[in-house]
Amino acid sequence: MITAEHVHKIYPTRAGDRVVLRDISFALARGEKLGVLGRNGAGKSTLARLLSGAERPTSGKVTQDMSVSWPLAFGGAFQNALTGLDNVRFISRIYRQDYQRNIDFVADFTELGLYLKEPVRSYSQGMRARLAFAVSMIIEFDCYLIDEVSAVGDARFHERCEVELFEKRGDRAMLIISHDPEYVRRHCGRFAVLHDGDMLFYPDFDQAYEAHLRNLHETG
Amino acid sequence: MPSQLAAIGRSAQIQGRVIYALLMREILTRYGRHNIGFLWLFIEPMLFTTGVTILWTLTQSLHGSSLPIVAFALTGYSSVLLWRNMPGRCIGAIQPNLALMYHRNVRPIDIFLARILLEAGGATISFMTLSLFYIYIGWLDPPVDVLVVAGGWFMIAWFGAGLGMFLGALSEKSELVERLWHPISYLAFPLSGAAFMVDALPPAAQKYALYVPMVNGVEIVRQGYFGDQVRVHYDLLYMLTCCVVLTVLALAQTAVINRGITPE
């Protein structure tokens, strides 16, 4: 279970402090899948980083009683100057994994071939997404935080992601952030909308989506 | 209590793993796999030290003692590299590594420690290799007391590590640290004891020279190297205090930036 209690996050900006998340409390149980909708800049990725433990809330508390992945996004978590293989080695070392086995899996999943020996900065967006996704699948977590993995890559990549995440790991808890409403609807059982620092929960997708559309078209 | 100890043990294990991973990564990003790769880690300081040794030999630098110039330059300049490189690498170390902080076990202190270990290791290997080489070709007599050399070297390394982590953490808050470090480290070189023996200074100045922490460390190293050939002056307690105070400040500042980090 992940529990967020009165989580508050403020970022200092030139124009003064900006409240990104205001007094958010909820729990994500084992096996539960929560979809998060919200406009650009609503704080979705911040929420994922806070839940992962990579970032600390300004006040409030996040408790993890199960193993939680880092936010699986197509950027981040990589060192661009290093090759794909070196990144796999680095992450294997941090999480104490057998890196030889991981390399085999990554090579097979990404189909990057010789590119794995080139610096990540020379990769296309789609290649990066493939690598990022494969690397996050080499470590088994109880909960995956998924931040827009479906936004890049081709159809074949999407199919393989589906298999890895929702077939092989269908029993895990997930927090899914996406701008693709269909993707969220299909995979989640509970929904939340982030807007103006508040997080509202909906058991039903249609209600959540309606609220999200209202926020999208709100002016100001 | 035992479970608390076990938890600390587990944390220490994770931290060790993270620092090792960062160390390997750092070596790769800095030196790559071209030409001699990570050998540069100590070849570079060796070139520096050798260059300075040659220059000082040619110019017959006045160092106010009867010591062979090679030994004098080796002990002096190696010490400078030791305390100066750690802050140099810790300042601005967090920004380029923000992406790695997506992994919750990678924290600013790990990045500092990895860089500190790498710099200290490079300077130490360089110092040892050059010493052995100079001893082998007969330019240098073996140190009188290796343990004393190691003790002085350790004090300088500790000072550099504390200073490095402190300035590294401060540089996250203000870029002034980076701007000012270059001139200050440059100006501190002649004051650091690398190019003089305290005994050669006028008695009135000796007291003030020992207020510079590094000077004490260099004097200890030289005592170990030359034994009774030289008269050294140092205040170990003073240097120890400086190191402890710096370490506490460094850890406190690192804890502060740890709370404010935003991975990108």
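Residues numbered from 1 in each chain as written. Chains lettered and ligands numbered in written order. Predicted model: local features only at pLDDT ≥ 70, side-chain atom pairs only at ≥ 80, totals over all residues.

S.K.: Sorry, what's going on with the overall build of chain B here?
M.R.: Regarding its fold elements, chain B presents nine helices and zero strands. For 264 residues, the compact-globule formula gives about 18 Å, and the C-alpha radius of gyration of chain B, at 20 Å, lands near that figure. If one aligns the C-alpha atoms of chain B with their principal axes, the spans along those axes are about 55 × 45 × 45 Å. Contacts in chain B between residues at least 24 apart in sequence constitute 77% of all its contacts with a sequence separation of at least 6. (Helix = DSSP H or I, 4+ residues; strand = E, 2+ residues; numbered from the N terminus. Rg over C-alpha atoms; globule rule 2.2 N^0.38 Å. Contact = placed C-beta atoms within 7 Å.)

S.K.: I would appreciate a short explanation of the domain arrangement of chain A in the present structure.
M.R.: It is common to report an interface's size as the accessible area lost on association of the parts. Residue and element names in this part refer to chain A. Structurally, chain A comprises domain 1 (1–67 + 142–220) and domain 2 (77–140). The interface of domain 1 with domain 2 comprises eight residues on the first partner and seven residues on the second. Split by residue class, the side of domain 1 that touches domain 2 holds four nonpolar, one polar and three charged. (Domains from an automatic or database assignment. Nonpolar A, V, L, I, M, F, W, Y, C, P; charged D, E, K, R; others polar.)

S.K.: What is the right way to read the sheet that holds strand E9 (residues 198–202) of chain A from this model?
M.R.: Strands in a sheet are paired, the pairing made by backbone hydrogen bonds, and the direction either parallel or antiparallel. All names here are of chain A. One open sheet accounts for six strands, arranged E5-E6-E7-E3-E8-E9; its pairing is mixed. Each end of this open sheet is capped by a strand with a single partner; those strands are strand E5 (68–72) and E9. Pairwise comparison of adjacent strand axes, ignoring direction, gives a mean angle of 15° for this sheet. As paired strands, E5 and strand E6 (residues 143–147) are joined by three bridges and run parallel to one another. The residue bridging Val-68 from the neighbouring strand is Cys-143, located in E6. (Pairing = 2+ DSSP bridges. Axes fitted to C-alpha atoms, helices over the stretch in contact; angles between N-to-C directions.)

S.K.: Mind showing me how you'd approach the interface of chain B and chain A here?
M.R.: Contact with chain B, which involves 20 residues of that partner, is made by 19 residues of chain A. Here the side of chain B that touches chain A takes seven residues from helix H1 (residues 2–31) of chain B, the largest share from any one element. Residues that form the side of chain B that touches chain A fall into these classes: 11 nonpolar, four polar and five charged.

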